[in-house]
Amino acid sequence: MATSNPFMPASAAAAASDGLDSIDYKNLPQPVKYEELHREVMMSLKPDLFEGLRFDLTKPLNNNFALSHSIFMGNTEVPTANGQIVKVPVGTYEFGANLVTNQGNLMLGRITTDGRLTGRVKYDISEMASLKTQFQMANEEGMSQGMFDVDLKGADWNGQVKVGTSQFYGANYFQSITPKLSMGGEIFYLAEQGRSGIGLAGRYATDKSVSTAQIANTGLVSLSYLQRVNEKVSLASEFMYNLNAREANASFGYDYMLRQCRLRGRIDTDGKIAAFLEERVNVGVTFLLSAEVDYPKKDYKFGFGMTVGE
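Residues numbered from 1 in each chain as written. Predicted model: local features only at pLDDT ≥ 70, side-chain atom pairs only at ≥ 80, totals over all residues. Heavy atoms only, no water.

Colleague: Describe in detail the pattern of salt bridges, supporting the description with residues and values.
Modeller: Counted according to the given criterion, the structure contains 19 salt bridges. One salt bridge in this structure joins E40 and R203, with 2.8 Å as the shortest N-O distance. Within this pair, whereas E40 is found in helix 2 (residues 39-45), its partner R203 is found in strand 11 (residues 195-205), the two being separated by 163 residues in sequence. We classify E40 as buried; its relative accessible area is 17%. Between R54 and D56 there is a salt bridge whose closest N-O contact spans 3.3 Å. Several salt bridges share partner residues, and in doing so they unite K33, E35, K132, D149, D151 and K162 into one network. (Salt bridge = Lys/Arg side-chain N within 4 Å of Asp/Glu carboxyl O. Helix = DSSP H or I, 4+ residues; strand = E, 2+ residues; numbered from the N terminus. Buried < 20%, exposed > 50% of the residue type's maximum accessible area, 1.4 Å probe, protein only.)

Dropping the structure here:
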């Protein structure tokens, strides 16, 4: 028999008791993956910003296979010995092939004119397990890398085991505690550098908001919150604190969905302001505008582009 709380009104205590009793702990929903903990917030705070000109074309050949072509002309940032950033003009062409089966399995490949080859493969073994691998091969030393994942899922949990280059090993697990609350953790070991880490995270999601918290023994603390004002507008915020470096950073952003376009933007405590516009010109044709201003460093980045094909 539960004891009453003398500091809680009787009506509130009864409502809380009824809420806990109504939860079916044997039929909890499946949570998001641990690596997608902040996915809603990242959509608002970290759009795909770019500087220069970008053109993307996707040509479906049938229901399962498509080819893609991408052209980029802009600047790349190269760090110097004195810590300053030098912008070097670059221009690249990327060719890609996408294969997606009716069962959801996929193979993606990309190759660029500067010799960079990337690929990704996902194969579902069963409803509870899938295999994923992604790799990158480049001419630059230390830029070639790969990662192999085994994804596992149950009715109310998600798990993942990772093995990668540089002798990287990792695992994570995320469990639904209630229909709205999920919690989990991750571990990793980087044998080549003799480093290891452990992290814990929690996520509370409702129809109107998403709150997350994450902490790791590496000294990083992350808090995020997203509020859905209505069907078209979302507001997001993120706070990050590095215990070792005693550095903190906060970001605030918005995501505004209009009938023909989507506008996202953010401002942070480092003095950066960014905006990203996606305007739907026609069916399968999207016009892009990107802008980022770093006032302390007096660095300005502007870009425009077009995406053709779904």
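Colleague: Summarise the packing of aromatic side chains; cite the residues concerned and give the values.
Modeller: According to the stated counting rule, one finds 4 aromatic pairs in the structure shown. With a centroid separation of 5.8 Å and an interplanar angle of 85°, the aromatic rings of Y34 and F174 are classed as edge-to-face. Note that Y34 is positioned in the loop between helix 1 (10-21) and helix 2 and F174 in strand 9 (residues 168-176), a separation of 140 residues in sequence. When its relative accessible area of 6% is taken as the criterion, Y34 is described as buried. Note that R54 overlies the ring of F50, its terminal NZ or CZ placed 4.6 Å from the centroid. (Phe/Tyr/Trp six-rings, centres within 6.5 Å; stacked < 30°, edge-to-face > 60°. Lys NZ or Arg CZ within 6 Å of the ring centre and 35° of its normal.)

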